[in-house]
Structure formats: structure tokens, C-alpha cells
Amino acid sequence: MRRDTVYITTPHGRLEAWLYIPSTPRPWPVVVLGCGVGAVKAAGLEPFATAFQAAGFASVAFDYMGFGGSDGKPRHLVSVAAEYRDFQNVVAWVKGDSRFDSSRIVVWGTSFGGMHVTRLLAEDTTIAAGIAQCPCVDGYLASRLKPLRDSVSLTTLACLDWLLSFLSDDPIYVQAAATAGSNRVSLMNAPDVVSGWQLLHKGLEGQYVDPYSNRIVARSVLSFPMHRPALRAAEILAPYLIVVSQFDSVAPKPAAVKVANDAAYGEVVEVPGGHFDLYKDGIGFEDNLAAQLEFLRRVIPLRQ
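Residues numbered from 1 in each chain as written. Predicted model: local features only at pLDDT ≥ 70, side-chain atom pairs only at ≥ 80, totals over all residues. Heavy atoms only, no water.

Q: Hey, could you run me through the pattern of salt bridges in this one?
A: Counted by the stated rule, this structure contains 19 salt bridges. The closest approach of N and O atoms between R85 and D86, which form a salt bridge, is 3.8 Å. The exposure class assigned to R85 is partly exposed, which follows from its relative accessible area of 24%. Put simply, K202 and D281 hold a salt bridge, and the shortest N to O gap is 3.2 Å. Of the two residues, K202 sits in the loop between helix 6 (193–200) and strand 9 (216–217) while D281 sits in the loop between strand 11 (266–271) and helix 8 (285–299), which places them 79 residues apart along the sequence. According to the relative accessible area criterion, K202 is exposed, its value standing at 55%. Exposure remark for D281: the relative accessible area of 51% places this residue in the exposed category. (Salt bridge = Lys/Arg side-chain N within 4 Å of Asp/Glu carboxyl O. Buried < 20%, exposed > 50% of the residue type's maximum accessible area, 1.4 Å probe, protein only. Helix = DSSP H or I, 4+ residues; strand = E, 2+ residues; numbered from the N terminus.)

Structure below.
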């Protein structure tokens, strides 16, 4: 399968994206894929992008500003507003490229990326459809999944980092995901996070993921609870597939199910396993991918 690296110029720097071109005639329907929190496109997105490509859809998987191959400093600062802007910029780039059918754009997000997809679908009525898997659609409810002691530790470091940011360009980092044997403060530290993060990054060491990839700037978390696109689900008019796992220790599953129920044409599919089992080699991957392909073929049929 063909994969090209493209750079999308924005007012805030360049976004690096991988473009997967299908063998079907142009203009192509296209799926724009966004990562989860603290992650990069190399970690888990390619199996979905290549499957969509084989099914006749172009795919564009990109890194948010400050991550992976994209510009941006400080590195690994998670800004919900900036990531949403990045998603908008990639969609705008797709709309301006004659190779793609601007009337058949699908936005796709995993985990934290599902937050951006939910908001995009509520605000941009030109988007044809959306897919989110194990999505975090409500930052406030997600923050309540963490034990109080862990939340206090994380918030303390976040506030300290915010204060020091006025004096220094060197941020305080916390782990994005807990690692075996580490006592460092982590954004995600549920029991299945260690193995799940390893699953996402399997075989990538030294290739597309730098050795410091498992980290985010501590002050990133301060704004997370304020972002609640789930509350706007009733505004979503495009078909929206949400795939959830049987249990989810990272993202609030009831909120995701409610978004699917409240959206005009929302659908929810449950697959086996936990949050990270929806990715390749997880026990829910095959069912997850099959549901997504069936949805795409049904709501965005290929033109002959």
C-alpha cells in the first residue's frame, strides 16, 4: 500500500501527516485520523488507515502540533484548543485539495481524539460522517475516573509548572502513561495502561517515536475538565459511529454511549476488552475494524 508523507502549512507551523492513497478513481472520499492524548500517528493509527485505503478511501493521519513530526514548542504540550485547531486545519487542507471529494470527508478520532471529532461534528455541518473509538468525549467526567490522591499529585505538578512557565521555557513533564515499576506521576495509570501503552508502541522504538514520547507538559491537564463536547451531541446531524469496549478505565464509557444516543444519527457498537484492546493485536480490534468498515461502506458508498 502507498503511504506518502505530507506537510500541511498552518499559521502556527507545519503539521506532518501520512497520506494513504487508494486505487479507486478520484476524487476520493477521505478519512482524517487524529491521535489520542500524548500519542503520535505512528502509534496505532496505521492499521486503520491502511484498512480504509484498501476499502477505497483515502486516509490522512496526522500529528498534533508539538508531537511526532509536526512543529511546535514546547514539545508535548497538550492544548485541547490547539489540537482542535490542528484538526480543523487538516480538514481545511483536505477540502482545498482537488484529489479529495470535499462532500465525503469523515473525521476519525481515538481516545482523546474522540473529543475533537465530537466537537467538529457539532460545529461543521459540511463533514459527512464521524467515527470515534474508545472516545473521551467529556473531560470533566474523565478527570473523575482518577483516584483523588492521584488527581491531587497531578494537579499540584500542573499548577507548579504553570507558575514556572512565566520564568522558564523548560516545562515540568509527567508521564502520559504509567510504566512498570515507575512511581512517577502519570496522566493515565489504570491497571491496563502499562500493557496498553506498550501495545500501541510495539516495534516502534527508534523509528517514529522518540525515547521521550511518553510524557506531556504537566500544565496541559489544567484545562482538560473544561472541555465537554458531549454536551453538544444533540447538535450532531451527520452519521456518527462510536465504538466502545466492554470496560474502559481511561475514558468515560457512559458519556460516549450517551453521545451516540443523543446524536441524530448516532450509532454505538461494543466490542470485547478494555480501552487499549480496540487497537491492533487487542482482543477487540477485529470486531472494531469490521464495524468501522461496515459503517463507512454504508454511509459513504463508493462511486462507480
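Q: Sorry if this is basic, but what is going on with the sheet that holds strand 9 here?
A: In a beta sheet, neighbouring strands pair by backbone hydrogen bonds and run either parallel or antiparallel. Reading across from one edge, 8-7-9 is the order of the three strands in this open sheet, with mixed pairing throughout. Edge strands, defined here as strands with exactly one partner in the open sheet, are strand 8 (186–188) and strand 9. (Pairing = 2+ DSSP bridges.)

Q: Any chance you could explain empty space enclosed by the protein here in plain terms?
A: Tallied over the full model, the rule gives one cavity of 30 Å³ or more. There is about 100 Å³ of room inside the largest cavity. For the largest cavity, the lining is made up of 15 residues, of which G36, A39, S111, L200 and Y279 are closest to its centre. Class assignment of the residues belonging to the lining of the largest cavity gives a composition of eleven nonpolar, four polar and no charged. (1 Å grid on protein atoms, 1.4 Å probe; cavity = no way out; pocket = protein on both sides within 12 Å on 5 of 7 lines; lining within 4 Å. Points joined across faces, edges and corners; volume = space filled by probe spheres on them. Nonpolar A, V, L, I, M, F, W, Y, C, P; charged D, E, K, R; others polar.)

Q: I would appreciate a short explanation of helix 7 (residues 253–262) in the present structure.
A: Residues spaced three or four apart along an α-helix face the same direction, because each turn holds 3.6 residues. Along helix 7, the residues that are buried comprise K253, A255, A256, V259 and A260. The buried side chains of helix 7 occupy one side of the element, clustering within an arc of 165 degrees when seen end-on. The outward face of helix 7, more than 90 degrees from its buried face, is lined by the exposed residues P254 and N261. Against the buried residues of helix 7 lie helix 3 (113–123), helix 4 (139–143), strand 10 (240–245) and strand 11. (Arc of directions from axis to C-beta. Contact = heavy atoms within 4.5 Å.)

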